[in-house]
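# Working through the structure, step by step
Spelled out, the chains give:
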Amino acid sequence: MTTMTLTTPSLALPYEVSFDGPGLWYATRATGLVALLLLTLCVTLGVLTTVRFASPKWPRFVTVGLHNNTSLLTAVFLALHVLTTVVDSYTDIRPTDAFLPFAANYRPLWLGLGTVASDLLIALIVTSLVRVRMGHRGWRAIHWLAYVSWPVAVVHALGTGTDPATVWGAALVLVCLGAVLGASVWRLAAGWPERRGLRLAVATAVVAVVLAGWGWASSGPLAPGWSQRALAPVPPASAMGAS
């Protein structure tokens, strides 16, 4: 009697999944920058909806639709940014650090600011889902958190990232700043001179914040050696060679 032995060939994946290589490091940077750009566009479109901008070639519903779709894309890339940051084993960031600000062992201040911005956006998403039940007035009051989350996200990107010191990174931040400032000026100018005192007070506060932020950024994130002073991780050798 002949005995036949069957052997099952091992299945080998054509690629290797690694949480230690530079791939996740690049993914974290990319998703974070895209999320910041989308958040900037979302805030800018939100300001345009408040001034009821419209033209024969650009109806108001187009602005509202773009604002809503951009908000969804912002949430998607924010989730990807958080996921790649937590999964990446190059830094010690726990899942709870993505929701509890300033509790991380790794650069708690700059990472904590990103967590604050993320929590504010999550609050916006949740309240938008139950907007019908909570009423327009309550939803609108919470919706102002978007204007708070944006500057917090910008400071997080400047403080924790290695890209702002590069020419393209600084240019990206300036584009975001210019877009929101331009929309804010438009908002303050619309309806002038009604409530002139309030408008002037807000404009003065905005100028003061911008000047203070520029002073900090020029001597901090935009200055040489910020990565070392901020305890930013040095990219893996393979990533440095590929950049």
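Please refer to the structure placed before this passage.
Rules behind the numbers
- Residues numbered from 1 in each chain as written.
- Predicted model: local features only at pLDDT ≥ 70, side-chain atom pairs only at ≥ 80, totals over all residues.
- Heavy atoms only, no water.
- 1 Å grid on protein atoms, 1.4 Å probe; cavity = no way out; pocket = protein on both sides within 12 Å on 5 of 7 lines; lining within 4 Å.
- Points joined across faces, edges and corners; volume = space filled by probe spheres on them.
- Helix = DSSP H or I, 4+ residues; strand = E, 2+ residues; numbered from the N terminus.
- Nonpolar A, V, L, I, M, F, W, Y, C, P; charged D, E, K, R; others polar.
- Phe/Tyr/Trp six-rings, centres within 6.5 Å; stacked < 30°, edge-to-face > 60°.
- Buried < 20%, exposed > 50% of the residue type's maximum accessible area, 1.4 Å probe, protein only.
- Patch = residues over 30% accessible without salt bridge, like charges linked within 9 Å, V, L, I, M, F, W, Y side chains within 5 Å.
- Areas by Shrake-Rupley, 256 points an atom, 1.4 Å probe, with all protein chains shown as cover.
- Salt bridge = Lys/Arg side-chain N within 4 Å of Asp/Glu carboxyl O.
- Contact = heavy atoms within 4.5 Å.

### Regarding the layout of surface pockets
Considering only enclosed or pocket space, the largest pocket measures out at about 1,100 Å³ in volume. Lining the largest pocket are 32 residues; nearest its centre among them are Tyr147, Val180, Leu181, Ser184 and Val206. Taken together, the elements giving at least two residues each to the lining of the largest pocket come down to helix H1 (22-50), helix H6 (145-160), helix H7 (167-189) and helix H8 (196-219). Take the lining of the largest pocket: its biggest share by element is ten residues, from H8. For the lining of the largest pocket, the residue count by class is 25 nonpolar, three polar and four charged. Taken as a whole, the second largest pocket encloses approximately 890 Å³ of empty space. Forming the walls of the second largest pocket are 29 residues, and the residues nearest its centre are His67, Asn68, Ser71, Trp139 and His143. With nine residues, the top contributor of residues to the lining of the second largest pocket is helix H2 (residues 60-87).

### Describing the packing of aromatic side chains
Under the definition given, this model contains two aromatic pairs. Considering the side-chain rings of Trp25 and Tyr26, the 5.1 Å spacing of their centres and the 65° angle between planes classify their relative orientation as edge-to-face. We classify Trp25 as buried; its relative accessible area is 11%.

### Let's talk about empty space enclosed by the protein
This model, assessed by the stated rule, comprises three cavities of 30 Å³ or more. The space that makes up the largest cavity amounts to roughly 830 Å³. Taken together, 40 residues form the lining of the largest cavity, with Thr28, His81, Thr85, His156 and Thr160 sitting closest to its centre. Element by element, the count of residues in the lining of the largest cavity is highest for H1, at eight residues. Counted by class, the lining of the largest cavity contains 20 nonpolar, 15 polar and five charged residues. Taken as a whole, the second largest cavity holds about 40 Å³ of empty space.

### Quick look at a nonpolar patch on the surface
Nonpolar side chains collect at one region of the surface, where Val76, Leu80, Leu83 and Val87 lie side by side and expose about 310 Å² of accessible area between them. Position of Val87 relative to the elements: it lies in helix H2.

### A look at the side chain of Thr70
In this fold, Thr70 is placed in helix H2. Note on Thr70: relative accessible area 6%, which makes it buried. Each residue touching Thr70, except ones within four places of it in the same chain, is listed here: Leu38, Leu41, Cys42 and Leu45.

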